[in-house]
Amino acid sequence: MKDELVKGQGIDPERASLLPGMGFFIPESVYREQKEKELETSLKGARLVVITDSDADGLTCAALVQEDQEDAICVPTSPYDLGGCLSRVATYIEQGVKMYICDLCPDSVGEIEPGLRELCDKTDLIVWCDHHRWDKDVYDFVESLGVQVELGDSSEECAANVVFRVLNENFSEKMKELVEVTRDHDLWLCEDERSGYLADFAMWAPVKEYIEVVRECGADLPEDIISFLEENRKEKNDLIRRAINRAEYKKVGKHTVGMTYGKCSQNEVAEGIRGEGADVCMIVKPTGGVSIRGSEKFERCHELARVFEGGGHPRAAGCMPIEFSDLLHYANHWISQGEETKKVLIEALETMVRDENAGG
């Protein structure tokens, strides 16, 4: 496929906002082969490994561990690939490795069981630090394997807060401040403008670069990086505006639901949709995933996500509501702007509301 069909000079910005990014169109087998080779190389001889989410919170966790032990190797992943990542890391690590798993919440025991058992057989220590809400059966299973599970209050702490507390090291004031600025974004407090820059930097920079820069500079990113981020934000802000403008609103019980579709930054779009009166925001992505954002009036995002084997926080969660059968199915998803996905989400929310009313 030609690059310019997805992103190139002259492509209509509106049409581009309805499609996934370039990485989506790389066959999984090709992507996996490349990642396997990179993983095997990076883990050779490693004594300490950090498996973490690749957002600013997760990467700040890795930076803290590396600040404590320089030779820590970071393996970024996503909640959707947690089970596969655990299995791949177990394949390539050597006996006696120590490990941190950060900012990742298992959706089910079955998802993580094979890989985690393999890891436990090869590691001397696994510390799992998170701030999402865990199901009791998942927590009990992970702890039964001898994993040290450290969980924070999702309304008060980000994962970096948990790692900072667990390590209990004499971190510099710079690193303490980095954790608090990271928390400002991850809990969507938005009281420190630096937190937005950290989030964007984590999204656009290579993992290794992010960790190196924040360890050196903390939350105060260098001017050349700020300039780079400001330039990239032009496109980001355009995508946010388009997603907010195409939002649709619907009443489900006592809740006003704002639904939109597009390639965009979900938190900023949710903020805009809430500003239009919605207390539940659903952002359907061209890749098929969905970000659900709540408010003081709706704190059941994680419950709605779990209907589709997703998860997250009471006011922020994610899931993949439908299973795509082929590329034509995806094509219909892009052309219809996620119509099928929106339908099953609304149906699930309506069921939740009916059950809530019946119980009340």
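Now for a look at the structure at hand.

Thresholds applied
Residues numbered from 1 in each chain as written. Predicted model: local features only at pLDDT ≥ 70, side-chain atom pairs only at ≥ 80, totals over all residues. Heavy atoms only, no water. Helix = DSSP H or I, 4+ residues; strand = E, 2+ residues; numbered from the N terminus. Contact = heavy atoms within 4.5 Å. Salt bridge = Lys/Arg side-chain N within 4 Å of Asp/Glu carboxyl O. Buried < 20%, exposed > 50% of the residue type's maximum accessible area, 1.4 Å probe, protein only. Pairing = 2+ DSSP bridges. Axes fitted to C-alpha atoms, helices over the stretch in contact; angles between N-to-C directions. Parallel < 35°, antiparallel > 145°, perpendicular 65-115°, else oblique. Left-handed = near helix turned anticlockwise from the far one by under 90°. Nonpolar A, V, L, I, M, F, W, Y, C, P; charged D, E, K, R; others polar. Phe/Tyr/Trp six-rings, centres within 6.5 Å; stacked < 30°, edge-to-face > 60°.

Before going further, it helps to examine the side chain of His329. Secondary-structure assignment places His329 in helix α14 (residues 327–335). The residues touching His329, leaving out its near neighbours within four places in the chain, are Ile322, Glu323, Phe324 and Glu340.

So, about the pattern of salt bridges. In total, this model carries 26 salt bridges according to the counting rule given. Linking Glu38 and Lys35 is a salt bridge whose minimum nitrogen-to-oxygen distance equals 3.5 Å. You can see Glu38 and its partner Lys35 sitting in helix α2 (residues 28–43), 3 residues apart, about one turn around the helix. By relative accessible area, which is 38% here, Glu38 ends up partly exposed. Measuring nitrogen to oxygen at the nearest pair gives 3.2 Å for the salt bridge that ties Glu177 to Arg194. Of this pair, Glu177 sits in helix α8 (residues 173–186) while Arg194 sits in helix α9 (residues 193–204), and the two are 17 residues apart along the sequence.

What follows is about the pairing of strand β7 (residues 255–261). Burial within β7 is extensive, with 7 of its 7 residues counted as buried. Burial along β7 is two-sided: His255, Val257, Met259 and Tyr261 facing one way and Thr256, Gly258 and Thr260 facing the other are all buried. Note: strand β6 (residues 248–252) against β7, 5 bridges, orientation antiparallel. Considered in β7, the bridge of Lys251 is made with Thr256. Connecting β6 to the antiparallel partner β7 that follows it, the hairpin turn spans 2 residues, and Gly253 within it adopts a positive phi of roughly 60°. Taken together, the 5 bridges between β7 and strand β8 (residues 280–284) define a ladder with parallel strand orientation.

Attention shifts here to the packing of α2 against helix α4 (residues 82–92). Taken N-terminus to C-terminus, the directions of α2 and α4 make an angle of 45°; their axes are 9 Å apart at the nearest point. As far as their axial angle goes, α4 and α2 are oblique. Note on packing geometry: the crossing formed by α2 with α4 is right-handed. Where α2 approaches α4, its residues Arg32, Glu36, Leu39, Glu40 and Leu43 are matched on the opposing element by Arg88, Val89 and Tyr92. For the contact of α2 with α4, the class distribution of residues is 4 nonpolar, no polar and 4 charged.

A few words on the packing of aromatic side chains. Inspection of the entire model under this criterion finds 10 aromatic pairs. Taking the centre distance of 5.2 Å and the plane angle of 85° together, the rings of Phe24 and Phe25 count as edge-to-face. Judged by its relative accessible area of 26%, Phe24 falls in the partly exposed class. By way of ring pairs, the aromatic residues Phe24, Phe25, Phe324, Tyr330 and Trp334 are connected into one cluster.

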